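Residue-level structure breakdown
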Number of protein chains: 2
Amino acid sequence: MKLSKKSDYALRAMIYLSMNYQKGAVQIKEISAKERIPQKFLENILLTLRKVGILNSKMGLKGGYALARSPDLITLGDVIRALDGTIAPVDCVSQMSYRKCSEEITCAIRGVMLDVRNAVTEVLDAMTFADMCKRTKELIENSALTYSI
Amino acid sequence: MKLSKKSDYALRAMIYLSMNYQKGAVQIKEISAKERIPQKFLENILLTLRKVGILNSKMGLKGGYALARSPDLITLGDVIRALDGTIAPVDCVSQMSYRKCSEEITCAIRGVMLDVRNAVTEVLDAMTFADMCKRTKELIENSALTYSI
DNA sequence: ACAAACTCTATCGTACTACTAGACATTTAC
DNA sequence: GTAAATGTCTAGTAGTACGATAGAGTTTGT
C-alpha cells in the first residue's frame with residue numbers, strides 16, 4: 001500500500017511546476033535542486049509525464065518543462081497512474097490493469113478491495129494541483145518558512 | 001498501492017477459519033489445500049497471526065489453528081497490519097511505522113496521503129470477518145457454486 | 001514409541017525499486 | 001556555424017523486498 005518514491009518525486013515536481021505555471025519552461029536542473037530529487041531519476045519521471053500528455057517540453061537552450069494544461073485540470077490520480085501504473089490494491093478491481101481473479105464470482109475480498117480502490121481514487125482524483133498549490137501556500141504562510149516542499 | 005500476496009492469502013485463510021469458527025482447530029494442510037495456498041508459505045503467515053494474538057494454535061496430533069476471538073471482533077485492518085506492517089501510503093502518515101519526513105511542516109502531499117490513509121482504514125477497520133462470512137455466504141447462494149474462495 | 005501436527009530459522013531466486021551512465025538530438029546565443 | 005545548454009533515449013546496476021521453500025526441532029494423541 002505504499003506510494004513509490006517515483007510517484008512521490010513526481011508529485012513534488014508537479015507541485016513545483018504548478019507553483020510556477022505562468023513562468024514558462026522550467027529546467028530539470030532547477031526542479032532537481034530545489035526539491036532535492038536525483039536529476040537523472042527526475043529526467044525519466046518527467047519524460048514519462050510528457051509521454052502521457054501531462055507535461056510539455058521544449059528542447060535546447062532555454063528549454064524545460066511546463067504543465068500541458070492548467071493545474072486545476074490535473075489530478076494526483078493522473079500522475080500516480082502514469083508512474084505506478086495502477087492505484088487498485090488488487091488487479092481484479094483495477095481499471096488500469098484489470099485481470100480476472102480465479103474465483104471472482106465468490107470472492108468476498110474483491111468486494112472490499114473495490115471499496116478500498118474507490119475510497120482511494122475518490123481522494124486522489126478529486127485533488128488537483130491547483131488545490132495542492134493552495135494548500136502549499138497556506139502551509140507556507142502558517143509556518144512562515146521559505147518555500148521548500 | 002498493492003495488497004501483498006501474503007495479506008491476500010492471510011485474508012483467505014482468515015475467512016476460511018471464520019467460516020469454520022465453531023469447529024475447533026483447523027489444520028494448515030486443510031486450509032492450504034482448500035484455498036490453494038502454498039503450505040510452507042501459509043505456515044509463516046499463520047504463525048505471524050498467532051504471534052499478534054489473532055489466532056490460537058494447538059500443537060501436536062489433532063492440532064491446528066483457530067480464531068483467538070469471535071469473527072466480529074477481528075477486522076481486515078488487523079490482519080493486513082499484522083502482515084504488511086502498515087497501511088499508510090507514506091511513513092509520515094503511518095500509525096504503525098511513523099517516520100517524520102524532512103519537510104513535514106510545509107508538505108502538502110502529507111495532507112493528502114493522510115486523507116488516503118484515513119479513507120482506506122475506514123473501509124478496512126470497519127470490515128470484520130463476520131461481515132466477510134456473510135458476504136461469502138450470499139455470494140455462494142447467488143452463484144449456486146460450491147464454496148471455494 | 002510414533003506419527004501428525006505446529007515452530008522456528010535460514011535460505012533462495014526473481015522482480016522490482018531507486019538510481020546512474022552515456023551517447024544522441026535540438027535549440028539558442030554569439 | 002559553432003558552442004553551450006538543454007531535453008531524449010537506451011542501457012545498465014546495486015540493493016531490497018517479495019514469494020516461496022527446506023529442514024530440523026517441538027509438542028501431543030493414541
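Report follows, based on the coordinates. (Residues numbered from 1 in each chain as written. Chains lettered and ligands numbered in written order. Predicted model: local features only at pLDDT ≥ 70, side-chain atom pairs only at ≥ 80, totals over all residues. Heavy atoms only, no water.)

Section: the interface of chain A and chain B
With 40 residues of chain A in contact, the opposing surface of chain B contributes 40 residues. Buried area between chain A and chain B, both sides added, is near 3,700 Å², and the carbon and sulfur share of it is 69%. Applying the counting criterion to the chain A and chain B interface returns two salt bridges. A salt bridge links Arg135(B) to Asp115(A); the nearest nitrogen and oxygen atoms lie 3.7 Å apart. Counting only elements with at least two residues in the side of chain A that touches chain B, the list comes to helix H1 (5-19), helix H4 (76-84), helix H5 (108-126) and helix H6 (129-143) of chain A. If one sorts the elements of the side of chain A that touches chain B by residue count, H5(A) sits on top with eleven residues. For the side of chain A that touches chain B, the residue count by class is 27 nonpolar, five polar and eight charged. (Contact = heavy atoms within 4.5 Å. Buried area = accessible area lost by both parts, 1.4 Å probe. Salt bridge = Lys/Arg side-chain N within 4 Å of Asp/Glu carboxyl O. Helix = DSSP H or I, 4+ residues; strand = E, 2+ residues; numbered from the N terminus. Nonpolar A, V, L, I, M, F, W, Y, C, P; charged D, E, K, R; others polar.)

As for the protein's contact with DNA strand C
Inspection of the region around DNA strand C gives 29 residues, with Lys40(A), Leu47(B), Ser57(B), Leu61(B) and Tyr65(B) positioned closest. Backbone atoms, meaning sugar plus phosphate, form 66% of the atoms of DNA strand C positioned within 4 Å of the protein. Tyr9(A) is positioned such that a nitrogen or oxygen atom in its side chain is 3.1 Å from a phosphate oxygen of DNA strand C. Separating a phosphate oxygen of DNA strand C from a side-chain N or O atom of Arg50(B) is a distance of 3.2 Å. Counting residues per element, the ones that place at least two in the surface near DNA strand C are H1 and helix H3 (39-51) of chain A together with helix H2 (28-35), helix H3 (39-51), strand E1 (55-58) and strand E2 (64-67) of chain B. The greatest single-element share of the surface near DNA strand C, amounting to five residues, is contributed by H3(B). (Near = heavy atom within 4 Å. Polar contact = N/O pair within 3.5 Å; in protein donor to acceptor, adjacent residues only side chain to side chain.)

Description of helix H1 (residues 5-19) of chain B
Compared with an ideal rise of 1.5 Å per residue, which puts 15 residues at 21 Å, H1(B) spans 21 Å between its outermost C-alpha atoms and is within 8% of the ideal. Burial runs high along H1(B): 13 of the 15 residues are buried. (Expected span 1.5 Å × (residues − 1). Buried < 20%, exposed > 50% of the residue type's maximum accessible area, 1.4 Å probe, protein only.)

Here's the deal with the nonpolar core
Grouped together as the largest cluster of nonpolar side chains are 90 residues, with contacts concentrated most on Leu49(A), Val79(A), Leu124(A), Leu49(B), Val79(B) and Leu124(B). Setting aside residues up to four positions removed in sequence, Leu124(B) forms contacts with Met1(A), Val112(A), Met113(A), Val116(A), Thr75(B), Leu76(B), Gly77(B), Ile80(B) and Ile87(B). (Core = buried A, V, L, I, M, F, W, Y, C linked by side-chain atoms within 4.5 Å.)

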